[in-house]
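Given next are the chains, with one letter for each unit.
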Amino acid sequence: MKKRKSKAQKRQYKLKQMDIASQAHSTTLTGKEHASSESDKTRKKSQEASEAGTFDTEKMRQMSVESNYCTNDIQQNIGDSQSSFESSEEDANAITPRMEYLMHPFDSAMSRKEIRKMAIQKMKQLGYAVMITKPGKFAKKYAFSAPYHLFFTRVENSEETYNQKFSITFSEILDRSLGEIVNSLHLTFMVDDTWLYLQYLLAGQRTDMTILCKHRIHNEKLNENVTIINVNQRDQFSSHHTNITILQYRNGLRVIVSTASLHSIDWVNRTQGLWISPHLPYLPESANPNDGESKTNFKKDLELYLSKYEQPTLTSWIRAVRMADFSDINVFLVASVPGIYKAVEADLWGYRKLAHVLSRYATLPSNAQWPIVAQSSGIGCFGSNFENWLKDITWCMSEGTSKGSKNQPQFRIIYPSIENYKQSFDYQDFITPLSYRAENHSKQQWLKLYLYQWKAKRTGRDRAMPNIKSYTRISPDLKRIPWFVLTSANLSKAAWGSIKQYKGYNIGNYEAGVIFIPKFITGTTTFPIGEEEDTGVPVFPIPYDLPLSQYNSGDSPFVNEFVNSTH
């Protein structure tokens, strides 16, 4: 017990040190930008770096930090942090689950039970939180989640979330009641492959894995059945934020679109969202590649998105998607891919894709004053006023089938205040999924007029900081929504796109999300979000409390520098 506690303490110390280092890195670059006499173009790139998530403290603190721009004293802090990280990593390597565990037989309930015990023991030794659920039961929970199949991660420190029908742990996604997994593809921002292996063992699944990511937390030797590929990015300001998993069974596929990366901390005490597709059976060999499409063109969009990576490793996965029946999927895929797009191609990605879908299928009363609610864990740099960029995305999110006059709706942003963070579970360890630079906020004080607190007492997630990102419109009586987006995309130009004069529609990040449109799911024009209506349409689960709570005069949004200042 004492040894286990010591390793957990070392892990927490490592996380805190990496937080300090990443904040130091951010501060140094900010200082350098102030001192620079370069052109406006250089300063603009600095803003884009923030939007791309370059200084996301929770994410940066888990990887080694190397910078040629740091001053000597800051570089020393980073070096000390790196040393601590490597030392902790050596400890982890000493007890890393060996690949022979993956070679155990999984052909009986008894063997799976033994492997599950080993996995639990190993997770405790490594200091991971062990989130236990009864195996073999998730298929029933999944059926009860119809027609939305939208879940929120269970919060370890909030027992209220344990038995909710829409709460989920990672191992439940892999539950054998959904099928025996033979292969899996993970697209993610950051992966701890040791933790991921153990989740498969916990679920009694043996699998080949292909992982595309921006960051890998550890560097243990991989088993030959696991491939990890770092995603090449357009430039240093781009990011790979996408979180998509495709599970391959003997008789089909399943697609999961999530807001959580593949490491323990994102799945313990945070609010994350997941959409899980129905089982997608294989088409007969005589089928045409265009067969098995959904009414939302999800299959075609997913194929196109995967092809944009230009990775030979994904060829077999694109073929598997092409040969699966997606006809039961009832949501749209909305994704972002780095690049500059023009004409029709621009409507395939980012907020232009969202506008394209809403303009055809979202229905609101004529001239309805339904506010747009953006809920995000990161905020970019928008400019000196609302008109610079937020007006563009608001205009796109106000699209609908009504072609009459379109009023500019109210725009509201749910983003945690410093007080929200101080009451959170993350604050105890000085870690955070939130990202907003103090320098950016100082340039856009006007944004405070649009900011609302993170409140989620209704679902027991008030203290579980949101890494979930969601967008919707809400009726004035707080009873209905005409559409809902769950996505990895924070509220930033890099994530959603922006118009570059004379160049085109510019996107910096890889992102992925799903759009829920009532017409395709419930056959209605809106989803109920209050009490279930007489129509029998189930209530759509939104992640936050209503009515929204606007910032008070003394409230300030969480900024990255706050974590550093608390040390």
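The structure presented is a predicted model; accordingly, all values stated were derived computationally and were not measured.

Enquirer: Help me out: how do you make sense of the environment of Asp266 in this one?
Expert: Relative to the elements of secondary structure, Asp266 occurs in the loop between β7 (252-258) and β8 (273-276). A distance of 2.9 Å separates a polar side-chain atom of Asp266 from the backbone nitrogen of Ser261.

Enquirer: What should I look at first to understand the pattern of salt bridges in this one?
Expert: Within the structure shown, the criterion is met by 15 salt bridges. Residues Glu172 and Lys141 are paired through a salt bridge, measuring 3.0 Å at the closest nitrogen-oxygen approach. You can see Glu172 sitting in helix α7 (residues 170-173) and its partner Lys141 sitting in helix α6 (residues 138-144), a full 31 residues away along the chain. Residue classification places Glu172 among the buried residues on the basis of a relative accessible area of 7%. Take Lys141: its relative accessible area is 18%, and that puts it in the buried class. One salt bridge connects Arg458 with Asp545, and the closest N-O pair in it is separated by 3.9 Å. Pair noted here: Arg458 is in the loop between β14 (451-452) and β15 (469-473) and Asp545 is in the loop between β21 (527-528) and α17 (560-565), with a separation of 87 residues, a long-range link.

Enquirer: Explain the nonpolar core here, please?
Expert: Generally speaking, a soluble globular protein has its nonpolar side chains buried in company with each other. Leu390, Trp496 and Phe516 are the most contacted members of the largest nonpolar core, which totals 104 residues. The element best represented in this core is helix α11 (residues 350-361), accounting for five residues. Structurally, this core is a two-domain feature, drawing no fewer than three residues from each of domain 1 (112-301) and domain 2 (341-528). Tyr197, Ala203, Ile228 and Leu274 belong to the second largest nonpolar core, which has 38 residues in total.

Enquirer: Before we go on, may I ask you to explain the sheet that holds strand β17 (residues 484-487) in this structure?
Expert: Sheets are built from strands paired through backbone hydrogen bonds, the pairs being either parallel or antiparallel. Taken together, seven strands build an open sheet; the order of strands is β10-β20-β17-β15-β12-β13-β14 and the sheet is mixed. Of all strands in the sheet, those with a lone pairing partner are β10 (332-336) and β14, marking the two edges. Packed onto the sheet, helix α9 (residues 298-307) meets β10 and β20 (511-516) and runs at close to 20° relative to β10. On the sheet, helix α12 (residues 390-397) packs against β12 (372-375), β13 (411-414) and β15 and is oriented at approximately 105° with respect to β13.

Enquirer: Got a minute to help me understand the UniProt feature "binding site: substrate" (unreviewed entry) in the protein chain in this structure?
Expert: Mapped onto the present numbering, the UniProt feature "binding site: substrate" (unreviewed entry) falls at Lys469. On the secondary structure map, Lys469 appears in strand β15. Residue Lys469 is classed as buried on the basis of its relative accessible area of 2%. In this structure, Lys469 is in contact with Thr259, Gln375, Ser376, Ser377, Val485, Leu486, Thr487, Ser488, Ala489 and Asn490, ignoring residues within four places of it in sequence. Of the polar contacts made by the side chain of Lys469, one reaches the backbone oxygen of Asn467; its length is 2.8 Å.

Enquirer: What exactly am I supposed to notice about helix α8 (residues 193-202) here?
Expert: Each turn of an α-helix holds 3.6 residues, which means side chains three or four residues apart point in the same direction. For α8, a buried count of 10 out of 10 residues is recorded, marking the element as mostly surrounded by other parts of the structure. Where α8 is concerned, the buried positions are Asp193, Thr194, Trp195, Leu196, Tyr197, Leu198, Gln199, Tyr200, Leu201 and Leu202. For α8, the elements touching its buried residues are α5 (109-126), α7, β3 (181-191), β4 (208-216), β5 (226-230) and β6 (244-249). Sitting at the amino-terminal end of α8 is Asp192, which places a side-chain oxygen 3.2 Å from the backbone nitrogen of Thr194.

About the thresholds
Residues numbered from 1 in each chain as written. Predicted model: local features only at pLDDT ≥ 70, side-chain atom pairs only at ≥ 80, totals over all residues. Heavy atoms only, no water. Helix = DSSP H or I, 4+ residues; strand = E, 2+ residues; numbered from the N terminus. Polar contact = N/O pair within 3.5 Å; in protein donor to acceptor, adjacent residues only side chain to side chain. Salt bridge = Lys/Arg side-chain N within 4 Å of Asp/Glu carboxyl O. Buried < 20%, exposed > 50% of the residue type's maximum accessible area, 1.4 Å probe, protein only. Core = buried A, V, L, I, M, F, W, Y, C linked by side-chain atoms within 4.5 Å. Domains from an automatic or database assignment. Pairing = 2+ DSSP bridges. Contact = heavy atoms within 4.5 Å. Axes fitted to C-alpha atoms, helices over the stretch in contact; angles between N-to-C directions. UniProt positions renumbered as here; feature names shortened; annotations may be inferred.

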